[in-house]
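Working through the structure, step by step
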Amino acid sequence: MRVGLSFLTFILFFSISQAQPLSYYLPTEVTYDPAVPTPSQIIHHEVGEWHVTHDRLVNYMQVVAKAAPGRIALEEMGYTYEKRPQLLLIITSPNNHKKLAEIRAQHLALTDPTAPDPAIEKMPVVCWIGHSIHGNEASGANAALLSAYYLAAAQGAAIDELLENTVILFDPAFNPDGLQRFSTWANQHKSKNLVSDPNSREYNEVWPGGRFNHYWFDLNRDWLPAVHIESQNRLKWFQAWRPNVFTDHHEQGTNATFFFQPGVPSRVNPLTPSNNQALTGKLAAYHAQVLDSIGSFYFTKENYDDFYYGKGSTYPDIHGGVGILFEQASSRGHLQETANGLLSFPATIRNQFVTALSTLRGTVALRKELLQHQRNFYKQAAARAASYSTKGYLVGDKQDPVRLLEFAQLLQRHQIKIYSLPAGMADKQFAASRSILVPLDQPQHSLIRTIFEKTLTYQDSLFYDITAWTMPLAYGLDFKELNAVNLNGAQQIPDLFTEKSYLNDLQDEFSLPKNAVAILIEWNHLYAPAALNQLLKADVLVKAATQPIQIQTTNQIRSFGYGTLLIPVRQEKINIADLEKLVDDLVGKYGVGAYAVATGYSSEGVDLGSGKFMVLQKPRVALITGAGVNATDAGEVWHLLDQRMDIQLTHLEPSVLNRADLSRYTTIIMTGGSYSSIDKEKLKTWVQAGGTLIAMEEAITWAAQQGISNATFKKPRSITDSTQFRPYETRDEVSGAQQVRGTILGATYDASHPLAFGYSLPKVSLFKANRIFLEKSKNPYATPFVYGEQPLQSGWMSKENKDAVASTAAVTVSQLGSGRVINIADNPNFRAYWLGGAKLFLNAIFFSSIIDPSSARIGSVE
């Protein structure tokens, strides 16, 4: 009996551990064109035998497109940060390819409420099939090999009908850089005799793992912010087609089964029409049928939701489409032990493949309903606008037109129409040349609302992702709702990607008069820190104003606020001509405001020779990275400094930090995460010697525990009540409701504090996704940013958390010896679009050294 069991175990293990032939995956009743190469003929291994690398995936897509020119057109959407191509295969019938431009125009007419109703009886439906936006959720991208082969090579009436009635936009890898990173890891640790032990190195990636793109970002949260090049490239094609159905193939925990939508019914965004969920349910029947046929278990209506519109499976919902999330239990390598038995990589690929086909079958069957749903969604936009009390939004930034330009470009990426202000609308708050008008009566009505609305009431208290994302608050812009909008006299603003100067009324060049004694650069501009960094790199002497002034410039008397940069014209290390050229280049590159002055005498405030102008030093910045550090938080810092501000940043692993000469760095940054492996005494000694430690979120707790920071914390009231009966099944709901998943809080600030230089609006909006409630400093000068009694601007917080955050500090400063710790309770750089918080973070880098030590010493750490 024991021998028989061992033999059966061997047979089972052998069958799932060896390479699977195409017949394991593909429908067997279909014949295939032998002229189309199979995946193994091009990638040199069977699907699922190894993790396909991105370069081989691209090779196969190129070959299969050439082998089936009647069915497939290959497009390059663009390139990633690491210069890998983002491919899109347009797959349809030869007949449809001949009139593809006409089909696209006809399809887009569905989204134009003013266009005549298209004839949907014979119109193809558009379906986008997308794979592995998280690079280490690789079963999707590997399934793309099978789907591409099937769609190129399958023969017969069924495939002909499918292709004639659909235009398939086929994206084999949403995240090429992450996929390449993970495939390398999984393949380099694969054994000939597959090891299924979850403890094996194959299943435990080193930090940051393959989930993220080059800058350690989760691209599945970037559909709405569109910060990253991969998202920007993809959005152009999404908006060019507006698909009716969009699939997003993911992986989940190894001990799960398979998930497909619908998700949790109570967590659907209220802007999503109910018919969207009805169609999602109809498509679900096709997924259930195909998974039943191969014996794969699944679940629906749990865990995952359709609330945040920045995800790939939810963004289509607000475009009259139906987004479908697939979550396959992950093998993470080639064969792994799970609670449900051994899980092989081929098995995960097969589930992804068959649900891609079930999506296409369901899409064809529901073709007319899907097309009509999209038509109704956009035709009803005018009715939604008419019934909604807010008619539009006015957005502006009197101090920084560059920040407004970036926000306006974001709106245009999403095909939102924006306008100049008509006569009479401008006022002291919103200048005509530095404001835009966004009417709600336009096709993208619902999308505009999700970008602008503040939300404080919710149907549920549990969320899969963030609960608020009000974009003008994130950008640090001034905006207001309008109860009436009249576009008479307003002009639609042209494409700002080609006409960037349209919203930028600053000078596009700089010249230095012969009598100039100094140059003043305004600090309130978005890219002023980038300009300052370039000046300091060039060994230019730069000072910062710690008091506002008024002074005569070349053309007029101008006011300059806290943080204004002062550059003496006569420098020791750069001549006047080179200085003039450098500043001119910075004005052109970064859009900063630079003004020459011929006198050091101010008409109001201190003179230019005053000690209130303080010399700035070039920062040398390091970011602690590695195991325990929140990779996305660290990536946001890296992206901000590298991509936006052109600042060099050293990545310090804890093991390297522990042996490195830290005197090389003026600033060390700790984002959210855990730091148990850091030599705390070495870091403490470095701060005492004059270093600046920027600690954010959980890092503050660590620094306080190690005696590096004097931060103290307010504890929220516990919900545990032994006398109150609660059903056992509600335990996750009760505890989950106490999590802060992502809310927006408004902080007031001391404008004269160096950490607040450059801010002008009454409040700074910061993003909170933790339960770190920072007490105000005992030093009255060391709490520059404060949350009031009711700081919540948008998002869900439990009563316990609302009470805890009331009247706490957003930022404090601790003095330690000659150095300081900047304690930032929340994430000022959230997902790289939180530009309103970036100024605070950059101030901590450039201005921490000019914070008067005596103002932070009361209650300091000794």
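A word on helix α15 (residues 445-452)
Burial runs high along α15: eight of the eight residues are buried. Among the residues of α15, those classed as buried are H445, S446, L447, I448, R449, T450, I451 and F452.

Focus on the sheet that holds strand β28 (residues 785-794)
Neighbouring strands of a sheet are bound in pairs by backbone hydrogen bonds; such pairs are parallel or else antiparallel. Read across the open sheet, the nine strands follow the order β23-β22-β24-β25-β30-β29-β28-β26-β27; overall the sheet is mixed. Edge positions in the open sheet fall to β23 (649-652) and β27 (764-768), since each of these has one partner strand only. Each adjacent strand pair in this sheet contributes to an overall mean axis angle of 25°, direction not counted. As paired elements, strand β26 (residues 743-749) and β27 share five bridges and run antiparallel to each other. Residue pairing in the sheet places I744 in a bridge with F767 of β27. With respect to the sheet, helix α19 (residues 631-644) is in contact with β22 (621-624), β23, β24 (667-670) and β25 (692-696), its orientation differing from that of β23 by roughly 160°.

Re a positive patch on the surface
Judged by side-chain charge, K537, K618, R620 and R664 come together as a positively charged surface patch. Looking at the secondary structure, you find R620 in the loop between β21 (613-615) and β22.

Regarding the environment of T114
Secondary-structure assignment places T114 in the loop between α5 (100-109) and β4 (125-131). Assessed through its relative accessible area of 70%, T114 is described here as exposed. Between the C-alpha atoms of T114 and A382, which are 268 residues apart in sequence, the distance is 10.0 Å. Separated by 2.7 Å, the side chains of T114 and D112 make a polar contact.

Quick word on the side chain of D222
Note on placement: D222 falls in the loop between α8 (176-188) and α9 (229-241). We note that D222 is buried and unpaired, the nearest opposite charge coming from R234 at a distance of 7.0 Å. Ignoring anything within four residues of it in the chain, the contact list for D222 reads V227, H228, S231 and G310.

Focus on the packing of aromatic side chains
Applying the stated rule across the entire model yields 43 aromatic pairs. Centre to centre, the rings of W223 and F238 are 6.1 Å apart; their planes meet at 70°, and the pair counts as edge-to-face. Taken together, the residues span a long stretch of sequence, with W223 in the loop between α8 and α9 and F238 in helix α9 at a distance of 15 residues. Considered together, W223 and F238 belong to a single accessibility category, that of buried residues. On the basis of an interplanar angle of 65° and a centroid distance of 6.2 Å, the ring pair of F830 and Y833 is categorised as edge-to-face. With a relative accessible area of 0%, Y833 lands in the buried category. Cluster of aromatic residues (ring-pair linked, three or more members): W128, F174, W223, F238, F246 and Y315. Just above the ring of F377 sits the side chain of R384; from NZ or CZ to the centre is 4.6 Å. Stacked on the ring of Y388, the Lys or Arg R449 has its end atom at 3.8 Å from the ring centre.

Quick look at the packing of helix α17 (residues 528-537) against helix α18 (residues 576-590)
Two elements in contact, α17 and α18, have axes whose closest approach is 10 Å; the angle formed by their N-to-C orientations is 155°. Overall, the two elements α17 and α18 adopt an arrangement that is roughly antiparallel. The interaxial crossing formed by α17 with α18 has right-handed handedness. Across the interface between the two elements, A530, A531, Q534 and L535 from α17 touch L582, V583, L586 and Y590 from α18. For the contact of α17 with α18, a count of residues per class yields seven nonpolar, one polar and no charged.

Some details on the sheet that holds strand β13 (residues 435-439)
Taken in spatial order, the three strands line up as β13-β12-β14 in an open sheet, and their pairing is antiparallel. Strands with a single pairing partner mark the edges of an open sheet, and in this sheet they are β13 and β14 (478-482). Geometrically, the sheet is characterised by an average inter-axis angle of 15° between neighbouring strands, direction not taken into account. Sheet analysis places strand β12 (residues 392-396) next to β13, joined by five bridges and oriented antiparallel. The residue bridging G392 from the neighbouring strand is P439, located in β13. Those strands touched by helix α14 (residues 401-413) are β12 and β13, and its axis lies near 25° from that of β13.

Re the pattern of salt bridges
A full pass over the atoms with the stated rule returns 25 salt bridges. The shortest N-O distance in the salt bridge between R644 and E406 comes to 2.9 Å. With R644 in helix α19 and E406 in helix α14, this residue pair connects regions lying 238 residues apart in the sequence. Like E406, R644 is buried.

Calculation notes
- Residues numbered from 1 in each chain as written.
- Predicted model: local features only at pLDDT ≥ 70, side-chain atom pairs only at ≥ 80, totals over all residues.
- Heavy atoms only, no water.
- Buried < 20%, exposed > 50% of the residue type's maximum accessible area, 1.4 Å probe, protein only.
- Helix = DSSP H or I, 4+ residues; strand = E, 2+ residues; numbered from the N terminus.
- Pairing = 2+ DSSP bridges.
- Axes fitted to C-alpha atoms, helices over the stretch in contact; angles between N-to-C directions.
- Contact = heavy atoms within 4.5 Å.
- Patch = residues over 30% accessible without salt bridge, like charges linked within 9 Å, V, L, I, M, F, W, Y side chains within 5 Å.
- Areas by Shrake-Rupley, 256 points an atom, 1.4 Å probe, with all protein chains shown as cover.
- Salt bridge = Lys/Arg side-chain N within 4 Å of Asp/Glu carboxyl O.
- Lys, Arg positive; Asp, Glu negative; His and termini not counted.
- Charge placed at Lys NZ, Arg CZ, Asp CG, Glu CD.
- Polar contact = N/O pair within 3.5 Å; in protein donor to acceptor, adjacent residues only side chain to side chain.
- Phe/Tyr/Trp six-rings, centres within 6.5 Å; stacked < 30°, edge-to-face > 60°.
- Lys NZ or Arg CZ within 6 Å of the ring centre and 35° of its normal.
- Parallel < 35°, antiparallel > 145°, perpendicular 65-115°, else oblique.
- Left-handed = near helix turned anticlockwise from the far one by under 90°.
- Nonpolar A, V, L, I, M, F, W, Y, C, P; charged D, E, K, R; others polar.

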